[in-house]
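Summary of structural features
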Amino acid sequence: MRSLIDIQELTTDEINELIAVACDIIDNGAKYSEACRGKKLATMFFEPSTRTRLSFEAAMYELGGNVISVSNAESSSAAKGESVADTAKTISCYADIIAMRHPKEGAPLVAAMNASVPVINAGDGGHNHPTQTLTDLLTIYREKGRLDNMTIGLCGDLKFGRTVHSLISAMSRYTGIKFILISPEELKVPSYVKRDILKKNDIPYVQTTDFESVIPELDILYMTRVQRERFFNEEDYLRLKDRYILTPDKLASAKPDLKILHPLPRVNEISVAIDSDPRACYFKQVYYGKIARMSLILKLLEVKI
Ligand code: CP
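Per chain, residues are indexed from 1 in the order of the written sequence. Note on the predicted model: pLDDT of at least 70 is required for a residue's local features to be given, and 80 or more for side-chain atom pairs to be given and counted; whole-chain, interface and lining totals, by contrast, use all residues. Excluded from the side-chain calculation are hydrogens and water; included are all heavy atoms of the structure.

This part takes up the site of the ligand. Any residue with at least one heavy atom within 4 Å of a molecule or strand is counted as near it. All residues adjacent to the ligand are Ser 49, Thr 50, Arg 51, Thr 52, Arg 101, His 129, Gln 132, Pro 263 and Leu 264. Two N or O atoms count as a polar contact when they lie within 3.5 Å, although within protein this holds only if one can serve as hydrogen donor and the other as acceptor, and sequence-adjacent residues are included solely when both atoms are side-chain atoms. Thr 50 is positioned with one of its backbone polar atoms (N or O) 2.8 Å from an oxygen atom of the ligand. Measuring from a nitrogen atom of the ligand, one finds a backbone N or O atom of Pro 263 at 2.8 Å. To measure how exposed things are, a 1.4 Å probe is used in the Shrake-Rupley method; for residues, cover is taken only from the protein chains shown. Relative to its unbound accessible area of 260 Å², the ligand is 91% covered by the protein chains. For this scheme, ten residues count as nonpolar: Ala, Val, Leu, Ile, Met, Phe, Trp, Tyr, Cys and Pro. Four count as charged, namely Asp, Glu, Lys and Arg, and the remainder, Gly too, count as polar. Residue composition of the shell around the ligand, grouped by class: 2 nonpolar, 5 polar and 2 charged.

Here is the structure:
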């Protein structure tokens, strides 16, 4: 039995296989409609979510399975002080697989250590979000036709943005990848990401605060929102929140085949005028998120088609 807490637990071959199955789901969806008949997914979300929770639930329904759900901490016995470990043991009695989001880093790992069914980390604090990364990889693969040889710009809150850390980790496995890390000084990528992933693997990267000067170089632009909920004071958030806003004039110098991604939710960092630009992929990315999660559920439940 396997869980997924960190994208690094998957080999590159496994990631490529998950993407291949996802592509087959896109092309031959009917083949998978009974794949999880009789199986139950429990979604345990102790932090707000729209896309991750609902895409997991839609994924399980599209595989013919069922869903039980805890949609906020206040509505579960966590509010009475029940531990993550006891909650995981309990949910294991009801479900075949668990997707958990929690504000505390490491909580899904604790759940996986105590559950008797696979646990998927659906986002833990500012740490990791591996299924968003699978979503991002599938989006890049489908929209660019490859996962290698490209320059990826990551822009915004690179300190607290857990999707950024997981994406750097995953894309660093592929050849010819260069990162341009665009953020205010206060929201730079954590030093452990630079040390343990970028420097350790000799991945070229540039850190800059100047968004506009690097736009012409990019094959992928991954925008992120400033993560208000992780700030210690509102004043800092207000000072930094609108530092980078992607507007049509900034795209004038961009490559025609640039792909713009965003894990969403968007706050202010991409103008709605960009939504109709053919380079905008963030709503396609939402669709790919459901497909990527279908592929992962099949893998962890060891369902063969
Ligand atoms: N991308 C993402 O995790 O969105 P939600 O917070 O809505 O789940």
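Additional details are given in the paragraphs that follow.
Quick look at the environment of Asp 124 now. Its location among the elements puts Asp 124 in strand β4 (residues 119-124). Taking the C-alpha atoms as reference points, Asp 124 and Ala 107, 17 residues apart in sequence, are found 6.8 Å from one another. Throughout, a contact is declared for two residues whenever any of their heavy atoms are within 4.5 Å. In this view, Asp 124 contacts His 102, Lys 104, Glu 105, Gly 106, Pro 108 and Arg 162; residues no more than four positions away in its chain are not counted. One polar contact links Asp 124 to Asn 121, side chain to side chain, over a distance of 3.0 Å. Helix numbers and strand numbers start at the N terminus; a helix is a DSSP run of H or I with at least 4 residues, a strand a run of E with at least 2.

To continue, consider the domain arrangement of the protein. Source of the domain bounds: an automatic or database domain assignment. Under the domain assignment used here, the protein contains domain 1 (7-128 + 287-300) and domain 2 (130-286). When each unit is reduced to the centre of its C-alpha atoms, the spacing between domain 1 and domain 2 is 24 Å. On the side of domain 2, 31 residues touch domain 1, which itself brings 34 residues to the contact. Once two parts are put together, the accessible area they lose, assessed with a 1.4 Å probe and summed over both, is termed the buried area. The contact between domain 1 and domain 2 buries some 2700 Å² in all, and 58% of this surface belongs to carbon and sulfur atoms. Interface area lost by domain 1 to domain 2 is led by Ile 7, Arg 51 and Tyr 288, which between them contribute 29%. Across the domain 1-domain 2 interface, the total number found is 17 residue pairs in polar contact (both at pLDDT 80 or more). Of all the secondary structure elements, the ones that give two or more residues to the side of domain 1 that touches domain 2 are α1 (12-27), α2 (51-62), β4 and α10 (282-300).

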